[in-house]
Amino acid sequence: MRVMRWSSLAAVAAVAFTISGAAQAVGPWPGLASAVVSPSGNINYTVSRSGESTTVRARALGADRGVIATAKIDGRWGIPAITSTGVAGGLSPDGRLLVLTQPPTYSGLRTESRLLLLTTKTLALRDTLVLKGEFGFDAFSADGRTLYLIQHKSSRDLVVYVVRGYDLAQKRLLPGAIVAKGESENMRGYPVARATRGQGAWVYTLYTRQSGKPFVHALATNDRYAVCIDLPWASSPQQIWTTRLALSRDGRKLLVRSEGKVVARVDTRSFRVT
């Protein structure tokens, strides 16, 4: 097992993979999802676009079904996906903030990226992030201080990307890409599945890659470091796209499930595969 500690940063993001149900995507971030459900499971957030405007709706689920908030925003925006299989992201762990990103472009990399931060209670605009270059959403920290982003810089190789952190309190991009000591800042990976622990204090993402076995990226969101764990893999490469992550009831084991079977267990304290 290879364990690599990173001094910071978000889960690795990826180029989209063309499979049934995959997110609309380009480059090394997965693109957009159709809707996202609040951490409590009580509210569903959807986005619809018409011309050059976007409508965001919050709908109550369960017995009190119905629209509880609506906002119309200038420009074309969407809910970010966090895996190449279309799993939705964009909500902070406490459910109070929603990130909207611009739709992917198919004509090269943007010179400027914008992300919107909405308060979920009223869908009011809290902040607009303007960043030089091509950026996509990855994760929030559990303490609400850090927004993790994916940046891709090479129009010649859209699979290559770097990970960055954005300080929400200081409203600034943290300097430099955060990478493992002695490693290149350029990273590669295809996100397949995700699980979280401790109200978002840990984010686990399963990745596949063009060469080599799959791995799990474990991100300590509050402390800005991560651990990368190689997994044993005896199944076909195609089977990875239906593999999912789940945590044991006590949170001490991360279970990797493929076709209904547990194919690997990761100790969430030692990061050893058992």
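Just so we're clear, the structure is a prediction, and the values are computed from it rather than from any experiment.

Procedures and definitions
- Residues numbered from 1 in each chain as written.
- Predicted model: local features only at pLDDT ≥ 70, side-chain atom pairs only at ≥ 80, totals over all residues.
- Heavy atoms only, no water.
- 1 Å grid on protein atoms, 1.4 Å probe; cavity = no way out; pocket = protein on both sides within 12 Å on 5 of 7 lines; lining within 4 Å.
- Points joined across faces, edges and corners; volume = space filled by probe spheres on them.
- Helix = DSSP H or I, 4+ residues; strand = E, 2+ residues; numbered from the N terminus.
- Nonpolar A, V, L, I, M, F, W, Y, C, P; charged D, E, K, R; others polar.
- Phe/Tyr/Trp six-rings, centres within 6.5 Å; stacked < 30°, edge-to-face > 60°.
- Buried < 20%, exposed > 50% of the residue type's maximum accessible area, 1.4 Å probe, protein only.
- Salt bridge = Lys/Arg side-chain N within 4 Å of Asp/Glu carboxyl O.

Draft legend 1. Molecular detail of the layout of surface pockets. Counted as a void, the largest pocket has a volume near 470 Å³. For the largest pocket, the lining is made up of 22 residues, of which Ile82, Leu91, Pro93, Arg194 and Thr196 are closest to its centre. For the lining of the largest pocket, the secondary structure elements donating two or more residues are strand E4 (35-37), strand E12 (134-140) and strand E16 (190-197). For the lining of the largest pocket, the element with the highest residue contribution is E12, accounting for 4 residues. Classifying every residue of the lining of the largest pocket by side-chain character gives 12 nonpolar, 7 polar and 3 charged.

Draft legend 2. Up close: the packing of aromatic side chains. A full pass over the atoms with the stated rule returns 5 aromatic pairs. Taking 6.2 Å as the distance between ring centres and 10° as the angle between the ring planes, the aromatic pair formed by Trp202 and Tyr204 counts as stacked. For the pair formed by Trp202 and Tyr204, the shared burial category is buried. Judged by centre distance (5.6 Å) and plane angle (50°), the rings of Trp202 and Phe271 are tilted. One end of the pair, Trp202, is in strand E17 (residues 202-208); the other, Phe271, is in the segment after strand E22 (261-267), with 69 residues separating them in the sequence. Of the residues examined, Phe271 reaches a relative accessible area of 6% and is grouped as buried.

Draft legend 3. Representation of the pattern of salt bridges within the structure. According to the stated counting rule, one finds 7 salt bridges in the structure shown. Linking Asp138 and Arg194 is a salt bridge whose minimum nitrogen-to-oxygen distance equals 3.1 Å. In this pair, Asp138 is assigned in strand E12 and Arg194 in strand E16, connecting sequence segments 56 residues apart. In this structure, Asp138 and Arg194 share a single accessibility class: buried. A salt bridge links Arg224 to Asp167, with the nearest nitrogen and oxygen atoms 3.9 Å apart. Placement of the pair is Arg224 in the loop between strand E18 (215-220) and strand E19 (225-230) and Asp167 in strand E14 (residues 162-167), with a sequence separation of 57 residues.

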